[in-house]
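Close look at the chain arrangement
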Amino acid sequence: MRVSLKDVAEKAGVSIKTVSNVVNNYPHVTPAMRARVQQAIDELGYRPNLTARHLRKGRTGIIALAVPELGNPYFAELAGAVIDAAAEHDFTVLLDHTRGRREQEVLVSQGFRARVIDGLILSPLELEAEDLQGRPDDVPLVLLGEREYDAPHDHIAIDNVAAARAAVRHLLSRGRTRIAYLGARTDSANRPAHLRLVGWREELKTAGVPAPDELVVPVDGWDRDDGARAMARLLDAGVRPDAVFAFNDLIAIGAMRVLHERGLRVPWDIAVAGFDDIAESRFGAVSLTTVAPDKQAIARMAVASLLRSLSGRSEPGGRELIAEFRLVERESTLGRR
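As recorded in an unreviewed UniProt entry, the chain goes by LacI family DNA-binding transcriptional regulator and comes from Streptomyces lannensis.

See the structure below:
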C-alpha cells in the first residue's frame, strides 16, 4: 500500500503542510522539524508522487531528447548525461533518434509529441532555419551541436573552429606538415564538418603550412566504415599524408584500421586525431588523441535552459551558450616530434 503525506504527518506528529514543505525542500522549516519529518519518511519508506507534482504545475514531467543516431557512442554518452541532469530536477527523458533526416527533424521540432512532453532538446544535422518558423511556442526548444541557426531558441555548442584548430596545432607540434582532413561535407556551409574544416584550414594557414584540396576527403556518413573508405580512397589516389585529423572518433578509428591493413604504423608513419572522446577512443590497440567536448556541461546547460523557459525566464531571441572542450593527447599522435 502506497505511503501518503498523511501517513508521514501522523507518524511525525505534524501537519500535512509541514511534511509537504520538507519534501519540497522549502527553506522555512526548522532543522529539528526537518529531521523529525525526514525520520518518519525514512521509516515509512515514503516516495514523492512526482507525476502528481508535475501535473499540479501543468506539466507532464517529461522532456524529449532527439539525436541523429543513438547507436553513435557520442550521442549515447550525451543522452546518458542529459538523463542524469534531468533527474536532478525530477524530470524523465524521452529519447528519440532522427537518423539525421530532415523530414524527421522537422516532425520532431514541430511538436508532434507536444501533449506528452514539457520541452525538447534537439541535435539536428539536416534541419534548416526555415523549418523552425511557425513552430508552436508552448513547448520550449533547445538546439545542440554546431549547426548555426538564426532562430529564437537557445543553442548550446562548443567552439568548433577553435577545437579543430587545437587538434591541428597539436599535430603540427609533433612535426607533421601534411595533415589530411577526413569528414568534409561540402554541400552546406553551416554543418559541423564545415566548421571543423574551417578550423583545419585556419590553423594550417597560421602555421604557413599548405592545405591542398587533395588532403580533404569527403564522407557520406559518420561511422567507422565511412572513415575506412575515406582513408582507402586517399591512399589509393597516391596521396600520402603524415597525419590525419578526422571529423569524429568513429571516422578516425575506421581510418586507423585501414592504415594497419596497409602496413602503415600509427603514429610513426601517420598520426591520427579525432573528435568527441568516446569511450572506444581510449581502448584500441593504439589509443586515440581526440577533442573532448564537456558532455556533462552540455547536458546540464540544455536542461537548465529548458527549465528557464518553463519558468518564464527565457530571453527573447535565444542565446548562444558555449561549453568547454579539451584536447586529450594519446598514443595515436605521440610517436614522433
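After that view of the structure, there is still more to cover.
This brings us to helix α2 (residues 16–23). The set of residues buried in α2 consists of T18, V19, S20, N21 and V22. Contacts from the buried residues of α2 go to α1 (5–12) and α3 (31–44).

Right, let's talk about the pattern of salt bridges for a bit. Using the criterion set out here, one finds 19 salt bridges in the structure. Where R319 meets D154, a salt bridge forms, and the shortest distance between an N and an O atom there is 2.8 Å. On the criterion of sequence distance, the pair formed by R319 in the loop between α11 (295–310) and β11 (320–322) and D154 in strand β5 (residues 154–157) is long-range, its members being 165 residues apart. What emerges from the salt-bridge pattern is a single network uniting R165, R169, E202 and E203.

The next point concerns the sheet that holds strand β4 (residues 141–144). The strand order β2-β1-β3-β4-β5-β11 describes an open sheet built from six strands, whose pairing is parallel. With one partner strand each, in any of the chains shown, β2 (92–97) and β11 form the two edges of the open sheet. The mean angle between the axes of side-by-side strands here comes to 20 degrees, regardless of whether they run parallel or antiparallel. Summarising the sheet, strand β1 (residues 62–67) and strand β3 (residues 119–122) pair through four bridges and their orientation is parallel. Bridge pairing in β3 places L65 opposite I121. Set on the sheet, helix α5 (residues 73–87) makes contact with β1, β2, β3 and β4; between it and β2 the angle comes to about 160 degrees.

Before going further, it helps to examine the pairing of β3. Along β3, one buried face is formed by G119 and I121 and the opposite face, lined by L120 and L122, is buried too. Note that β3 and β4 share three bridges and pair parallel. Bridge pairing in β4 links I121 to V142.

Note on sheets: strands pair through backbone hydrogen bonds, and any given pair is parallel or antiparallel. Taken in spatial order, the six strands of this open sheet run β7-β6-β8-β9-β10-β12, and their pairing is mixed. In this open sheet, the two strands that pair with only one neighbour each are β7 (216–218) and β12 (325–328). The mean angle between the axes of side-by-side strands here comes to 15 degrees, regardless of whether they run parallel or antiparallel. In this structure, strand β6 (residues 179–184) lies alongside β7, joined through three bridges in parallel fashion. Of the residues in β7, the one forming a bridge with L182 is V217.

At the junction of V266 and P267, the peptide bond is cis and its omega measures out at 10 degrees in the coordinates. Tracing the backbone shows P267 in the loop between α10 (249–261) and β9 (271–275). Even without being a glycine, D90 presents a positive backbone phi close to 65 degrees. As for its position among the elements, D90 is in the loop between α5 and β2. On the basis of relative accessible area, D90 is assigned to the partly exposed category, the value being 30%.

Thresholds applied
Note that residues are indexed from 1 along each chain, following the sequence as it is written. Predicted model: local features are reported for residues with pLDDT of at least 70 only, side-chain atom pairs are reported and counted for 80 or more only, and whole-chain, interface and lining totals are derived from all residues. Hydrogens and water molecules were not included; the side-chain quantities draw on all heavy atoms of the structure. Note on exposure labels: buried denotes an accessible area under 20% of the residue type's maximum, exposed denotes more than 50%, and partly exposed covers the range between, all computed with a 1.4 Å probe on protein chains only. To qualify as a helix, a DSSP run of H or I must reach at least 4 residues; to qualify as a strand, a run of E must reach at least 2; elements of each kind are numbered from the N terminus. Any two residues having at least one pair of non-hydrogen atoms within 4.5 Å are treated as being in contact. When a carboxyl oxygen of Asp or Glu is within 4 Å of a side-chain nitrogen of Lys or Arg, the pair counts as a salt bridge. Pairs of strands are assigned from DSSP output, requiring at least two bridges between the strands. Each axis is a line fitted through C-alpha atoms, and for a helix only the stretch in contact is used; angles between axes span 0 to 180 degrees, taken between their N-to-C directions.

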